[in-house]
Amino acid sequence: CKNGDYKYIQWKDKMYSDDIVIGIGQDVTEKVNIENQYRSLIESAADLIYEIDLSSTIMYVNQFTEKTLGYTKDEILHKHFFKFIRTDYVDYVVDFYKDVPKETNEYNDLVFPIIKKDRDTIWVSQKVTLKKNENGEVVGFSAIARDITLVKSLEIEHYNRSKKVRIHNETLKILTSQSYS
């Protein structure tokens, strides 16, 4: 532009005759700027954000996902989503994705463990939405997952402590109810 700004123009050319081509340009600057803001927001988020297609192939991951899991984008993209799930939870997660909801675009939250590249486990709570094409057909899933490893560790510790207390109480009950005369 005359003032130094840039505009994004989308051109559509049509051959009218052998020696005449008609080009129509449309200003798409605002659309491009919004897409760039959206991309920046997704890439800078402190959550694991990814997309998978209907065959469970990973089509997109943000930088935080790479950083958290320790894999590069190339090591993640076009791989099967279930490769990163702890094996004892794969069936649980597969069942979650089996039935596509008809009335809503969102699934309930799902909590499961993911295996990082260094073989450590992290627990995530994810929110999934359906990804649709311009015809409204479901083409995949978009997910935002939050690392809840600390919360899950505390939950497991609390469960184990409660279990020990229960066993202790049952043992005391048995000992106090028996006669040792």
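Refer to the structure presented above.
Everything numeric in this text was worked out from a predicted model, so none of it was measured.

1. Considerations on the packing of aromatic side chains
Right, so step 1: Counted according to the given criterion, the structure contains nine aromatic pairs.
Right, so step 2: A ring pair is formed by F96 and Y97, whose centres lie 5.3 Å apart and whose planes are at 85 degrees; its orientation type is edge-to-face.
Right, so step 3: On the basis of relative accessible area, F96 is assigned to the buried category, the value being 16%.
Right, so step 4: One aromatic cluster is present, built from ring pairs that chain together Y50, F81, F82, F96, Y97, F112 and F141.
Right, so step 5: Seen from the ring of W123, K152 lies directly overhead, with NZ or CZ sitting 4.7 Å from the centre.

2. Topic: the environment of R161
Right, so step 1: Counting through the fold element by element, R161 comes out in helix α5 (residues 149-177).
Right, so step 2: Owing to a relative accessible area of 48%, R161 belongs among the partly exposed residues under this scheme.

3. Focus on helix α4 (residues 90-98)
Right, so step 1: Within α4 the residues assigned to the buried category are V90, V93, F96 and Y97. In an axial view of α4, the angular spread of the buried residues amounts to 125 degrees, which keeps them on one side of the axis. Opposite the packed face of α4, turned more than 90 degrees from it, sit the exposed residues D91 and K98.
Right, so step 2: Buried-residue contacts for α4 involve β3 (48-53), β5 (110-115), β6 (121-132) and β7 (138-147).

The rules behind each value
Residues numbered from 1 in each chain as written. Predicted model: local features only at pLDDT ≥ 70, side-chain atom pairs only at ≥ 80, totals over all residues. Heavy atoms only, no water. Phe/Tyr/Trp six-rings, centres within 6.5 Å; stacked < 30°, edge-to-face > 60°. Buried < 20%, exposed > 50% of the residue type's maximum accessible area, 1.4 Å probe, protein only. Lys NZ or Arg CZ within 6 Å of the ring centre and 35° of its normal. Helix = DSSP H or I, 4+ residues; strand = E, 2+ residues; numbered from the N terminus. Arc of directions from axis to C-beta. Contact = heavy atoms within 4.5 Å.

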